[in-house]
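# Close look at the chain arrangement
Given next are the chains, with one letter for each unit.
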Amino acid sequence: VVKARVKDLMIPRYKIIVIISIGQIRDQNMRMGSRCLWDETHDNFSSHTFKNSSLFATATVYGVYFE
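Reference entry: report on the structure contained in this document. Since we're looking at a predicted model, the values are computed, not measured. Counting starts from 1 at the beginning of each chain's written sequence and moves along it residue by residue. For a predicted model such as this one, the threshold for reporting local features is a pLDDT of at least 70, and the threshold for listing and counting side-chain atom pairs is 80 or more; totals across whole chains, interfaces and linings nevertheless cover every residue. Each side-chain value is worked out from all heavy atoms of the structure, with water and hydrogens disregarded.

### Brief notes about the overall build of the chain
Basically, it comes down to this: Helix and strand assignments follow DSSP, with helices taken as H or I runs no shorter than four residues and strands as E runs no shorter than two, numbered in order from the N terminus. Atoms counted for the radius of gyration: C-alpha only. Globule rule: 2.2 Å times residue count to the power 0.38. The classification of residues rests on relative accessible area computed with a 1.4 Å probe and restricted to protein chains. Under 20% of the type maximum is buried, over 50% is exposed, and intermediate values are partly exposed. Exposure was quantified through the Shrake-Rupley algorithm and a 1.4 Å probe, taking into account, for residues, occlusion by the shown protein chains and nothing else. Residues scored as positive are Lys and Arg, those scored as negative are Asp and Glu, and His as well as the terminal groups of each chain are ignored. All charge positions are set by atom: Lys at NZ, Arg at CZ, Asp at CG, Glu at CD.
When helices and strands are counted, the chain shows 1 helix and 3 strands. When its helices and strands are written in sequence order, the chain yields α-β-β-β. A compact globule built from 67 residues should have a C-alpha radius of gyration of about 11 Å, whereas the chain, at 14 Å, is more than 25% larger. By its C-alpha atoms, the chain is 45 × 25 × 10 Å across when sized along the principal axes. The proportion of buried residues among the 67 residues of the chain is 18%. Approximately 6,100 Å² of the chain is accessible, and the part contributed by carbon and sulfur atoms is 53%. The averaged location of the 6 negative side-chain charges in the chain is 9 Å from the averaged location of its 9 positive side-chain charges.

Here you go:
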(Lines give C-alpha, C1' and ligand atoms only; values in the text may rest on other atoms or scores of the structure.)
Protein backbone atom coordinates (compact mmCIF):
# COMPACT_ATOMS: atom_id res chain seq x y z
CA VAL A 1 0.00 0.00 0.00
CA VAL A 2 2.82 2.42 0.87
CA LYS A 3 4.65 1.77 -2.41
CA ALA A 4 1.44 2.14 -4.43
CA ARG A 5 0.64 5.49 -2.82
CA VAL A 6 4.13 6.82 -3.46
CA LYS A 7 3.96 5.62 -7.08
CA ASP A 8 0.60 7.43 -7.43
CA LEU A 9 2.55 10.69 -6.99
CA MET A 10 4.02 9.89 -10.43
CA ILE A 11 7.47 11.33 -9.78
CA PRO A 12 9.28 10.87 -13.12
CA ARG A 13 12.52 8.88 -13.44
CA TYR A 14 12.63 7.58 -9.86
CA LYS A 15 12.72 3.99 -8.69
CA ILE A 16 10.81 3.55 -5.44
CA ILE A 17 11.99 1.08 -2.80
CA VAL A 18 9.95 0.47 0.36
CA ILE A 19 11.13 -1.48 3.39
CA ILE A 20 8.75 -2.07 6.30
CA SER A 21 9.67 -3.78 9.57
CA ILE A 22 7.01 -4.81 12.08
CA GLY A 23 7.75 -6.32 15.48
CA GLN A 24 6.44 -6.97 18.93
CA ILE A 25 7.45 -4.69 21.80
CA ARG A 26 8.91 -6.67 24.66
CA ASP A 27 11.91 -6.25 26.97
CA GLN A 28 14.54 -5.99 24.24
CA ASN A 29 16.22 -3.44 22.00
CA MET A 30 16.38 -3.35 18.23
CA ARG A 31 18.57 -1.36 15.88
CA MET A 32 18.06 -1.01 12.16
CA GLY A 33 20.43 0.46 9.64
CA SER A 34 20.81 0.73 5.91
CA ARG A 35 23.51 1.61 3.43
CA CYS A 36 23.05 2.77 -0.10
CA LEU A 37 25.30 3.86 -2.91
CA TRP A 38 23.62 6.86 -4.46
CA ASP A 39 23.86 10.38 -5.80
CA GLU A 40 23.38 12.87 -2.98
CA THR A 41 22.01 15.53 -5.35
CA HIS A 42 19.09 13.42 -6.65
CA ASP A 43 18.42 10.45 -4.37
CA ASN A 44 16.64 10.67 -1.03
CA PHE A 45 14.66 8.73 1.57
CA SER A 46 11.98 9.18 4.20
CA SER A 47 11.37 7.10 7.30
CA HIS A 48 8.53 6.96 9.83
CA THR A 49 7.95 4.83 12.94
CA PHE A 50 4.63 3.92 14.56
CA LYS A 51 4.49 2.51 18.10
CA ASN A 52 1.78 1.43 20.49
CA SER A 53 1.84 -0.66 23.66
CA SER A 54 2.34 -3.98 21.87
CA LEU A 55 4.05 -3.42 18.50
CA PHE A 56 6.17 -1.15 16.36
CA ALA A 57 6.29 -0.56 12.61
CA THR A 58 9.01 1.29 10.75
CA ALA A 59 8.62 2.21 7.08
CA THR A 60 11.45 3.59 4.95
CA VAL A 61 10.85 4.82 1.41
CA TYR A 62 13.83 5.36 -0.90
CA GLY A 63 13.63 7.41 -4.09
CA VAL A 64 16.55 6.57 -6.36
CA TYR A 65 16.97 8.56 -9.56
CA PHE A 66 17.03 6.36 -12.67
CA GLU A 67 18.82 7.59 -15.81
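### A look at unusual backbone geometry
Excluding glycine, residues mostly have negative phi values, and the peptide bonds linking residues are mostly trans. A positive phi is found at Met10, a non-glycine position, where the angle reads about 50°. Looking at the element boundaries, Met10 is found in the loop between helix H1 (2–7) and strand E1 (14–24). A residue is classified by how much of its surface remains accessible, and Met10, at 70% relative accessible area, is exposed. Even without being glycine, Arg13 reaches a positive phi, approximately 65°. Tracing the sequence through the fold places Arg13 in the loop between H1 and E1. You can call Arg13 partly exposed: its relative accessible area is 47%.

### Examining the sheet that holds strand E3 (residues 55–65)
Just so we agree on the cut-off: In this analysis, strands are considered paired if DSSP registers two or more bridges between them. Lines are fitted to the C-alpha atoms to define the axes, a helix being fitted only along its stretch in contact, and any angle between axes, read from their N-to-C directions, falls within 0 to 180 degrees.
In spatial order, the strands read E1-E3-E2; together these 3 strands make up an open sheet with antiparallel pairing. Sheet topology places E1 and strand E2 (44–51) at the edges, where each strand pairs with a single neighbour. Geometrically, the sheet is characterised by an average inter-axis angle of 10° between neighbouring strands, direction not taken into account. In this structure, E1 lies alongside E3, joined through 11 bridges in antiparallel fashion. Bridge pairing links Ile22 to Ala57 in E3.

No statement about biological role is implied by the geometric values presented.
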